[in-house]
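So the chains spell out like this:
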Number of protein chains: 2
Amino acid sequence: MPNHSQDSTEIDKTEILKALAHPVRVDFLEWMKVPEEHFSNQLHPLEMGICAKQFEERCGLSQSTVSTHLSTLEKAGLVKSSRVGQWAFYSRDEEKIAAFLSDLKATL
Amino acid sequence: MPNHSQDSTEIDKTEILKALAHPVRVDFLEWMKVPEEHFSNQLHPLEMGICAKQFEERCGLSQSTVSTHLSTLEKAGLVKSSRVGQWAFYSRDEEKIAAFLSDLKATL
């Protein structure tokens, strides 16, 4: 599995909590957990990640709003993206998500 | 243990995530977990909860800022308060915190 970040286990808890403080972004992460259920219309293999366009169709929000939400998730380290031609594909960073949940549980 | 809310296990995940999206509020919750370590100067018994004044002294923020942070935590259901004379005492709502962590883990 490719490692898109320099240190995949380093997390910024505050940045992640800010990213999760919007229900749409939590929905995005939840949908990506079961892509075959939520993004079955995607023509590209789901293993490539989920195309930004798919999120737009799924949630009905504008391209720019979806793009901002995905960017927020990516900056927080919760998702990774890869570009194929004009399209960006997003997938969950399971290692970061697990590290965050573990950190939060230890803190709270 | 008194039950200060109508349904102590009902949580609003988004409200809680918003409340946690500020590091000071996470600090407050973390300090309240070990009150004898962080609030040993309090004259009232720590079992009463932690007086708002104690948070001010501990973090150096103004009374109104601390009050706003504590109110945000309380509205999210993460802490409970009780009033004794002119003072408000705060304590963690362990049941809500546990329910939130469990819910978040199941969602993410």
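Here we summarise the structure given alongside this text. Bear in mind the structure is a predicted one, so any value in this text is a computation, not a measurement. (Residues numbered from 1 in each chain as written. Chains lettered and ligands numbered in written order. Predicted model: local features only at pLDDT ≥ 70, side-chain atom pairs only at ≥ 80, totals over all residues. Heavy atoms only, no water.)

## Re the relation of the copies chain B and chain A
Structural alignment of chain B on chain A gives an RMSD of 0.0 Å, achieved by rotating through 180 degrees and translating 0.0 Å along the axis. One copy is carried onto the other by what is essentially a two-fold rotation axis. Taking C-alpha positions as reference, the residue of chain B nearest the rotation axis is B:Leu17, located at 3.1 Å. When the interface residues of chain B are mapped onto chain A, 100% of them are again interface residues, pointing to one common binding face. (Least-squares fit on C-alpha atoms with pLDDT ≥ 70 in both. Contact = heavy atoms within 4.5 Å.)

## What to know about the packing of helix α2 (residues 23-33) of chain A against helix α4 (residues 52-59) of chain A
Residue and element names in this part refer to chain A. Between α2 and α4, whose axes approach to 12 Å, the crossing angle comes to 110 degrees. Put simply, α2 runs roughly perpendicular to α4. Note that α2 runs across α4; the crossing there is right-handed. Residues Phe 28, Trp 31 and Met 32 of α2 pack against Phe 55, Arg 58 and Cys 59 of α4. Considered class by class, the residues forming the contact of α2 with α4 number five nonpolar, no polar and one charged. (Axes fitted to C-alpha atoms, helices over the stretch in contact; angles between N-to-C directions. Helix = DSSP H or I, 4+ residues; strand = E, 2+ residues; numbered from the N terminus. Parallel < 35°, antiparallel > 145°, perpendicular 65-115°, else oblique. Left-handed = near helix turned anticlockwise from the far one by under 90°. Nonpolar A, V, L, I, M, F, W, Y, C, P; charged D, E, K, R; others polar.)

## Digging into the pairing of strand β3 (residues 87-92) of chain A
Residues and elements named next belong to chain A. The sheet contact formed by strand β1 (residues 50-51) and β3 spans two bridges and is antiparallel. Of the residues in β3, the one forming a bridge with Ile 50 is Tyr 90. As paired elements, strand β2 (residues 79-84) and β3 share six bridges and run antiparallel to each other. What sits directly across from Arg 83, in β3, is Ala 88. (Pairing = 2+ DSSP bridges.)

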